[in-house]
Amino acid sequence: MKTGAVQWVIVGADRICANGDTANKIGTYQLAIAARHHGVRFMVVAPSSTVDMETVDGSQIEIEQRDPGELYGVGGTRTVAEGIAAWNPVFDVTPGELIDAIVTERGVILIPTVASMRAAFGG
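Every residue gets a number counted from 1 within its own chain, in the order that chain's sequence is written. Reporting in this predicted model follows two pLDDT cut-offs: at least 70 for local features of residues, and 80 or more for side-chain atom pairs to be given and counted; totals over whole chains, interfaces and linings ignore these cut-offs and use all residues. Values shown for side chains rest on all heavy atoms present in the structure; no hydrogens or waters enter the calculation.

Naming follows an unreviewed UniProt entry, where the protein chain appears as S-methyl-5-thioribose-1-phosphate isomerase of Rhizopus delemar. Check the Sequence similarities (unreviewed entry) section of the UniProt entry for the protein chain; it says "Belongs to the eIF-2B alpha/beta/delta subunits family." UniProt positions are given in the numbering used here, feature names are shortened, and annotations may be inferred rather than shown by experiment.

Located in the positive-phi region is I111, a residue other than glycine, with phi close to 45°. Structurally, I111 is set in the loop between β10 (107-110) and α2 (114-121). The helix and strand labels rest on DSSP assignments: H or I over at least four residues marks a helix, E over at least two residues marks a strand, and numbering proceeds from the N terminus.

Looking now at the sheet that holds strand β5 (residues 51-52). Here, any two strands with at least 2 DSSP bridges between them count as paired. If you trace the four strands from one edge of the open sheet to the other, you get β5-β2-β3-β8, paired in mixed fashion. The strands lining the two open edges of the sheet, one partner per strand, are β5 and β8 (91-94). Two elements, strand β2 (residues 15-17) and strand β3 (residues 22-25), share two bridges in a ladder whose sense is antiparallel. Across the sheet, residue R15 finds its bridge partner in β3, namely A23. The criterion used for residue contact is that any of the two residues' heavy atoms lie within 4.5 Å. To obtain an axis, a line is fitted to C-alpha atoms, over the contacting stretch when the element is a helix, and the angle between two such axes runs from 0 to 180 degrees between their N-to-C directions. Against the sheet, helix α1 (residues 28-38) engages β3 and β8, with an angle of about 35° to β8.

Take the pairing of β3 next. Count of turn residues in the β2/β3 antiparallel hairpin: four residues, of which G20 carries a positive phi of about 95°. Relative to β8, β3 runs antiparallel, the two being bridged by four bridges. Counterpart to A23 in the pairing with β8 is V93.

Here is the structure:
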């Protein structure tokens, strides 16, 4: 991104909210921030079945947590000191204002807003 070799970052989604906030695998939000910083456009491509017009925004998405023990070691060998806590979310939420386009089989929503999402998906 820094060199200008990337024009678009394209990711999937597990859920898309009515305002365009999008939940996807952990790390997607960081990619959106990096893209914005470097002036690179950010696109979410997903089936319309991931759009949830009943969920107003990303703050309403319950983020699944995995076992923190997965982060304590490698190959069954503990590499973290005893007593250390970990947080292991599966998803993160990318705010709609960091998304330049949402693409589904129903079309392209440029710069998603509640109004543009309603126009495409109802609700």
